[in-house]
Amino acid sequence: MIKRWHRNGAVQGLKSRIPFKGALRRLKRHYFPYTPRAGNDEYYLDNALTMARAVRNAGHPMRGVYLEIGAGWTPVMSVVFYIAGYDEVVLCDLDPFLDDEGVARAKSLAATVIDDISAIAGISQEAARQRLSTYHYQYRCPMDLWSIEAQSVDLIVSRAVLEHVPIRELGGLHAGLARALKPGGLAVHLIDHSDHFEHRDKSISRVNFLRFSQRTWSAIEMLTATSQNRLRHSDHARALKQSGLTLLHEDGRPDPGALDALTSLKINAAFVEKTPEDLATLTSLFVLKKTCRA
Ligand SMILES: C[S@@+](CC[C@H](N)C(=O)[O-])C[C@H]1O[C@@H](n2cnc3c(N)ncnc32)[C@H](O)[C@@H]1O
């Protein structure tokens, strides 16, 4: 039976193959401004504040160079961290999604949580508002981590990015990020392990993609021009530790709905050795520190 996610995936695959899609995207956005979904905004801001608290709790001075990979369309995270005290914001991406409208939206969203940011950073609301008005950033797209000076970055951030990086590229990405960090610097990553096709097709579960063999999944990724590596919390923890950084904090709790869905889902052999709790963990937060000088 054809499901909505099949149709959505096919449309996505076709769209990705349109020539000049970047220029067409900009033209569309000019005439039909992006209409945000309020529920997403709240979740996004909540994630940004959670990540900022995690960095503060790890004892970081919240100053210096902030580097975000996969910054996307609305750089809320970077505005929150800039207000909190980082002086230089470097946003990187593979595709040029960022524009002035997205930046303006990010600033107006961050303005709604100025009291939370000032509490996290230990500054007055007045000082936080002042910081918001001077927000600025550099944009590096397409990103090339090796062009960033070694040991020049104080904080590395990603949100909803690492689940999209192909497994074969993950080691190189982590090595590049570890190289860019100053000794004593932190990396904070928030990862969404859910099946992203479920986001627009609620008829499937959030772990539906665990049914497929790697071969079938690679074909689905190719046809839909998407990339979801399906790594679970434990896989990311291992890959991050292998980068040479020290894991300070990890958070990832099984989602009750996903645990329930797993009781009737025939998961593929590739996942059978993992615990249901690991498979059903849909959001992970990792905080790592560069403790060596390499
Ligand atoms: C779901 S969006 C998240 C955007 C933004 N971080 C957010 O939270 O709204 C995924 C982002 O990851 C970027 N991305 C995908 N694959 C990547 C890769 N291999 N390396 C770096 N960034 C990647 C995409 O270009 C996109 O900006």
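Conventions and cut-offs
Residues numbered from 1 in each chain as written. Predicted model: local features only at pLDDT ≥ 70, side-chain atom pairs only at ≥ 80, totals over all residues. Near = placed C-beta within 6 Å. Nonpolar A, V, L, I, M, F, W, Y, C, P; charged D, E, K, R; others polar. Pairing = 2+ DSSP bridges. Helix = DSSP H or I, 4+ residues; strand = E, 2+ residues; numbered from the N terminus. Right-handed = clockwise from strand over helix to strand, strands pointing away. Axes fitted to C-alpha atoms, helices over the stretch in contact; angles between N-to-C directions. Parallel < 35°, antiparallel > 145°, perpendicular 65-115°, else oblique. Left-handed = near helix turned anticlockwise from the far one by under 90°. Contact = placed C-beta atoms within 7 Å. Buried ≥ 20, exposed ≤ 12 C-beta atoms within 10 Å, placed from the backbone. Expected span 1.5 Å × (residues − 1). Arc of directions from axis to C-beta.

Visitor: Account for the site of the ligand, with residues named and values stated.
Guide: Near the ligand lie 14 residues; those nearest to it are Gly70, Gly72, Arg159, His164 and Val165. Looking at the shell around the ligand, its residues break down into seven nonpolar, three polar and four charged.

Visitor: Go over the pairing of strand β5 (residues 181-192), please, and point to the residues and values.
Guide: By the bridge criterion, six bridges tie strand β4 (residues 153-159) to β5 in an arrangement that is parallel. Counted as the bridge partner of Val157 is Val188 from β5. Once the chain exits β4 it traverses helix α8 (residues 167-180) before rejoining the sheet at β5, and the crossover so formed is right-handed. Note that β5 and strand β7 (residues 283-289) share seven bridges and pair antiparallel.

Visitor: Hey, could you go over the packing of helix α4 (residues 76-84) against helix α6 (residues 114-121) for me, with residue numbers and the actual values?
Guide: Here α4 crosses α6 at 50°, and the two axes come no closer than 9 Å. With respect to each other, α4 and α6 are oriented oblique. The chirality of how α4 crosses α6 is right-handed. Taking contact as the criterion, the partners of Val80, Ile83 and Ala84 in α4 are, on α6, Ile117, Ile120 and Ala121. In terms of residue class, the contact of α4 with α6 is built from six nonpolar, no polar and no charged.

Visitor: Just give me the short version of the environment of Ile156, but keep the residues and values in it.
Guide: Structurally, Ile156 can be placed in strand β4. When the 25 C-beta atoms within 10 Å are taken as the criterion, Ile156 is described as buried. Along the sequence, Ile156 and Ala187 sit 31 residues apart, while their C-alpha atoms lie 4.5 Å from each other. Sequence-distant contacts of Ile156, that is, excluding residues within four places in its chain, are made with Leu67, Leu177, Leu181 and Ala187.

Visitor: How would you summarise α8 if you had to cite specific residues and measurements?
Guide: Within an α-helix, residues lying three or four positions from one another point in the same direction, as the helix has 3.6 residues per turn. With 14 residues, α8 extends 21 Å between its outermost C-alpha atoms, agreeing within 8% with the 20 Å of an ideal straight helix rising 1.5 Å per residue. Listing the buried residues of α8 in full gives His174, Leu177, Ala178 and Ala180. With its buried residues spanning 155° around the axis, α8 presents them on a single face. Residues of α8 that are exposed and point over 90 degrees away from its buried face: Arg168, Glu169 and Gly172. For α8, the elements touching its buried residues are β1 (65-69), β4, β5 and α10 (233-242).

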